[in-house]
Amino acid sequence: MNQLIALGTGHATVTKCFNTCFALSNEKNEYILVDTGGGNGILAALEKTGISVQEIHDVFISHKHSDHLLGLVWIIRVIASSVLIGQYNDNLNIYCHSELINDIKALVKSTLDNKLTDLIGRRIFIIPVDDGQTNTLLGQDFTFFDLHSTKVKQYGFTVKLNNGKLLAFIGDEPYNKLCEKDISNSDWLLCEAFCLYRDREVFRPYEKHHSTVKDACKLAALLNIKNLILWHTEDTNITQRKNLYTEEGRKYFSGNIYVPDDLTKITL
């Protein structure tokens, strides 16, 4: 892994950016897709960043909320169609916690033709992961862990990068102390920040089980994080989002703060 491509950076109901999802790539231009956004906007995001769906063979879905899951229908549709005409090599592996498997199967069964869904179990595989389980994806060890969500079962992961650095992804869930051992001292932390702390009365993130920029940055300082990526945000002032979030975050965290726009590429 050497690059992160932010395909989307917004929360579920944004209109000025896409829902938070991203890809990790290596030097061979192979990709792992993490979450898929809420619709076929995922296809446009991939196209704009120069990623061919045919280059994606691994997908991780963190949880079943629509803004993370529904784009998977379009990924499966395009890949399955490519398989049928001989234009997709190898298989597609979809990783998720076990409770998500039936949800994914029901979703694609109700929205796609049988000739496409019949490839599940033949060329498209849905692979369950357990808390603490490690799988090798594109030659890197991904360790999955339960985020102990208060909303719906949700998993994150850590991955050791080629340069020896550790990257931790904690979905769109506020930090639970039970995850401390998984993410402490990470070089990169990918963290939701629904809004500025000063705007908490406007957006009410705590009612939605989300965090603010202040919360995320205090967490990064507490856990000795080196680089913090903030996303899954509101979009009311998206042209100033980066400056505003960085300014608030600097009060609580002295490491590097990244507030990517959709399609931003970050060298890890």
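Below you will find a few notes about this structure. Keep in mind it's a predicted model, so treat the numbers as computed, not measured.

Moving on, we get to the pattern of salt bridges. Taken as a whole and judged by the stated rule, the model has eight salt bridges. Linking E180 and K177 is a salt bridge whose minimum nitrogen-to-oxygen distance equals 2.9 Å. Two residues, K181 and D182, come together in a salt bridge whose shortest N-O distance is 3.5 Å. Each of K151, D172 and E173 takes part in salt bridges that share partners, so that together they form one network.

The next subject is the sheet that holds strand 9 (residues 155–160). Pairing within the open sheet is mixed, and its seven strands lie in the order 7-8-9-10-11-12-13. The sheet terminates laterally at strand 7 (134–137) and strand 13 (256–258), the two strands that pair on one side only. In this sheet, neighbouring strand axes are inclined to one another by 20 degrees on average, regardless of whether the strands run parallel or antiparallel. Direction of pairing for strand 11 (residues 188–192) relative to strand 12 (residues 227–231): parallel, over a ladder of five bridges. Within the sheet, the bridge partner assigned to L190 lies in strand 12 and is I229.

Further remarks concern the environment of N256. Take N256: it is sitting in strand 13. For the pair N256 and I42, spaced 214 residues apart in sequence, the C-alpha separation works out to 28 Å. Filtering out sequence-adjacent residues up to four positions away, N256 remains in contact with K226, N227 and L228. In this structure the side chain of N256 is engaged in a polar contact, spanning 2.8 Å, whose partner is the side chain of N227.

Quick look at the pairing of strand 1 (residues 3–8) now. Of all the six residues making up strand 1, five are buried; the element is thus mostly covered by neighbouring parts of the structure. Strand direction decides the pairing type here: strand 1 and strand 14 (residues 265–267), joined by three bridges, are antiparallel. The residue of strand 14 that forms the bridge with Q3 is T267. Here strand 1 runs beside strand 2 (residues 21–25); their pairing, made up of five bridges, is antiparallel. The residue bridging I5 from the neighbouring strand is A23, located in strand 2.

Going through the model one piece at a time under the given rule, you end up with 10 aromatic pairs. Each ring, one from F22 and one from F169, has its centre 5.3 Å from the other, and the planes form 70 degrees; the classification is edge-to-face. Here F169 lies in strand 10 (residues 166–169) and F22 lies in strand 2, a separation of 147 residues in the sequence. For the pair F22 and F169, a shared accessibility class is recorded, and that class is buried. Taken together, a centroid distance of 5.2 Å and an interplanar angle of 40 degrees make the contact between W188 and Y258 tilted. Separated by 70 residues along the polypeptide, W188 in strand 11 and Y258 in strand 13 bring together distant segments of the chain. Residue class for W188 comes out buried when judged on its relative accessible area of 2%. A relative accessible area of 28% means that Y258 is categorised as partly exposed. Ring-pair connections join several aromatic residues into one group, and the members of that group are F22, F60, Y95, F142, F144, F157, F169 and W231. Geometry around Y197 places R200 over its ring, the cationic atom sitting 3.8 Å from the centre. Positioned above the aromatic ring of Y197 is the side chain of K214, whose terminal nitrogen or guanidinium carbon lies 4.2 Å from the ring centre.

Here is what the cut-offs are and how they apply
- Residues numbered from 1 in each chain as written.
- Predicted model: local features only at pLDDT ≥ 70, side-chain atom pairs only at ≥ 80, totals over all residues.
- Heavy atoms only, no water.
- Salt bridge = Lys/Arg side-chain N within 4 Å of Asp/Glu carboxyl O.
- Pairing = 2+ DSSP bridges.
- Helix = DSSP H or I, 4+ residues; strand = E, 2+ residues; numbered from the N terminus.
- Axes fitted to C-alpha atoms, helices over the stretch in contact; angles between N-to-C directions.
- Contact = heavy atoms within 4.5 Å.
- Polar contact = N/O pair within 3.5 Å; in protein donor to acceptor, adjacent residues only side chain to side chain.
- Buried < 20%, exposed > 50% of the residue type's maximum accessible area, 1.4 Å probe, protein only.
- Phe/Tyr/Trp six-rings, centres within 6.5 Å; stacked < 30°, edge-to-face > 60°.
- Lys NZ or Arg CZ within 6 Å of the ring centre and 35° of its normal.

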